[in-house]
Amino acid sequence: MKKIKTMEPLWWGLFAAGGMVSAMLVPIHIVLTGIAVPLGWLSEPQALYQLWPVRLYLFVLIALSIFHCGHRIYHPLFHFVHRIYHSLPEFALRVIRRPVAVLVYGGALTGAVATAWVLLGL
Amino acid sequence: MIANRPDKSKLYYPQMPTAWWFKKWNYFFFLLRELTSVFIAAFLVVYLIQIYNMGLGAEHYAAFVERFKSPGWIVFHVVALIFAVYHSITWFKTASVILTPHVGSWAVPPWMVTALHIAAWMVVSVIILLLFVFV
């Protein structure tokens, strides 16, 4: 069996899935829960949140989208941190890449766990 | 994920000016697109907190969602919506670059791939709206 050399395909695969999920689903959710309900155009169907298929759907929506956001902001954030340290020698780049990655992907993982926790406890 | 990359010191990294993203509109829109993720993530976190509060009792939840009626929160959601729509449209344009479906020997043109994605987006959004209204 071929040895796995890099985890990159996994991250990019999750990134693509999260990008499609957030592109297709996030705008209508903002319209509904953020604008239509507060302005009184619609009432919120709270019974929906009791259904397990809906909770599973919300987990996919929130966890994958948050991961996508984390991946997307990683490079600009790295660039930004890099700007601050741009006078440092080359080895310093590796040193700062690690904490930025931990911050961003750790944040995304925390988001996924928090989503599961909230939806299971509802 | 990083450890197996080629030795960085043997590669050339050009030095970018701090305001590189201000030089061309294309660069600016690229960075703006990356920044949409901040607003989408903020909305998702707010939504998750809202769902969490839903589990804490009806009276508590009613008081909690009352704050979303304030102008500040409406503005936040409108701004998040603008960024989310911008992300969706550019994502579907990107999809047409990445995906080249074939029907027999005919390659589906990029504009049609984008159009089909946008059509699917509209259909999915209407289905969620109908579920929200009628279930």
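Cut-offs applied
- Note on numbering: residues in each chain are counted from 1, in written sequence order.
- Numbering of ligands from 1 and lettering of chains from A proceed in the order in which they are written.
- Local features in this predicted model are restricted to residues of pLDDT 70 or higher, and side-chain atom pairs are both shown and tallied only at a pLDDT of 80 or more, whereas totals for entire chains, interfaces and linings draw on every residue.
- Here a helix means four or more residues in a row that DSSP labels H or I, a strand means two or more in a row labelled E, and each is numbered from the N terminus.
- The contact criterion used is a C-beta to C-beta distance within 7 Å, with each C-beta placed from the backbone.
- Think of it as a crowd count around each C-beta: if 20 or more other C-beta atoms lie within 10 Å the residue is buried, if 12 or fewer it is exposed, and in between it is partly exposed, with C-beta placed from the backbone throughout.
- Throughout, the ten residues Ala, Val, Leu, Ile, Met, Phe, Trp, Tyr, Cys and Pro are labelled nonpolar, Asp, Glu, Lys and Arg are labelled charged, and all others, Gly among them, are labelled polar.
- To define a nonpolar core, we join buried Ala, Val, Leu, Ile, Met, Phe, Trp, Tyr and Cys residues through C-beta atoms within 7 Å and take the resulting set.
- Axis definition: a line fitted to C-alpha atoms, over the contacting stretch in the case of helices. Angles run 0 to 180 degrees between N-to-C directions.
- The labels follow the angle: roughly parallel below 35 degrees, roughly antiparallel above 145, roughly perpendicular from 65 to 115, and oblique for the rest.
- Left-handed describes a crossing whose near helix is turned anticlockwise from the far helix by less than a right angle; the clockwise case is right-handed.
- Looking at any residue, its pLDDT shows the predictor's confidence there, from 0 to 100.
- By this rule, a helix spans an expected 1.5 Å times one less than how many residues it contains.

Comments concerning the overall build of chain A
Moving on, step 1. On a plain count of helices and strands, chain A comes out with three helices and zero strands.
Moving on, step 2. Restricting the contact set of chain A to residue pairs at least 6 apart, pairs at least 24 apart contribute 77%.

What about the overall build of chain B?
Moving on, step 1. Looking only at helices and strands, one finds four helices and two strands in chain B.
Moving on, step 2. Counted from the first residue to the last, chain B has its helices and strands arranged as α-α-α-β-β-α.
Moving on, step 3. For chain B, buried positions account for 17% of its 135 residues.
Moving on, step 4. By sequence separation, contacts in chain B at least 24 residues apart represent 44% of the contacts at least 6 residues apart.

Concerning the interface of chain B and chain A
Where the parts come together, the accessible area they lose is often given as the size of the interface.
Moving on, step 1. On the side of chain A, 43 residues touch chain B, which itself brings 44 residues to the contact.
Moving on, step 2. Elements represented by at least two residues in the side of chain B that touches chain A include exactly α1 (25-54), α3 (71-98) and α4 (110-134) of chain B.
Moving on, step 3. If you tally residues by element for the side of chain B that touches chain A, the top one is α1 of chain B, at 14 residues.
Moving on, step 4. The residue inventory of the side of chain B that touches chain A, partitioned by class, reads 31 nonpolar, ten polar and three charged.

Let's talk about the nonpolar core
Moving on, step 1. Core analysis: the biggest nonpolar cluster contains 39 residues, and I62 and I66 of chain A together with I40, L44 and A80 of chain B have the highest contact counts within it.
Moving on, step 2. For this core, the elements supplying multiple residues, two or more each, are α1 (8-36), α2 (52-84) and α3 (90-120) of chain A together with α1, α3 and α4 of chain B.
Moving on, step 3. The residues contacting I62 of chain A, other than those within four sequence positions of it, are T115 of chain A together with L44, Y47 and L48 of chain B.

Section: the packing of α3 of chain B against α4 of chain B
Residues and elements named next belong to chain B.
Moving on, step 1. Across the interface, α3 lies against α4 with an axial gap of 8 Å and an inter-helix angle of 140°. Considering their axes alone, α3 and α4 lie oblique with respect to each other. Considering only the axes of α3 and α4, their crossing is right-handed. Only P110, W111, V113, T114, H117, I118 and W121 of α4 make contact with α3, whose side of the interface consists of S88, F92, K93, A95, S96 and V97.
Moving on, step 2. Looking at the contact of α3 with α4, its residues break down into eight nonpolar, four polar and one charged.

Some points on the confidence of the model for chain A
Moving on, step 1. On average, chain A scores 82 in pLDDT, and the residues at 70 or more come to 86%.
Moving on, step 2. The secondary-structure element of chain A with the lowest mean pLDDT is α3 of chain A, recorded at 80, while α1 of chain A shows the highest, at 89.

Here's the deal with the packing of α1 of chain A against α1 of chain B
Moving on, step 1. It is at 11 Å that the axes of α1 of chain A and α1 of chain B come closest, and there the two elements cross at 55°. By the criterion of interaxial angle, the relationship of α1 of chain A to α1 of chain B is oblique. In this structure, the crossing between α1 of chain A and α1 of chain B has a hand that is left-handed. On the side of α1 of chain A, the interface is formed by S22, V26, H29, I30, T33 and G34 of chain A, while α1 of chain B contributes I40, F43, Y47 and Q50 of chain B.
Moving on, step 2. Grouping the amino acids of the contact of α1 of chain A with α1 of chain B by side-chain chemistry returns five nonpolar, five polar and no charged.

Concerning α4 of chain B
Moving on, step 1. Over its 25 residues, α4 of chain B runs 36 Å from end to end, which matches the ideal 36 Å to within 8%, given 1.5 Å per residue.
Moving on, step 2. Those residues of α4 of chain B not exposed but buried are V113, H117, W121 and F132 of chain B.
Moving on, step 3. Looking at the buried side of α4 of chain B, the elements it contacts are α1 of chain A together with α3 of chain B.

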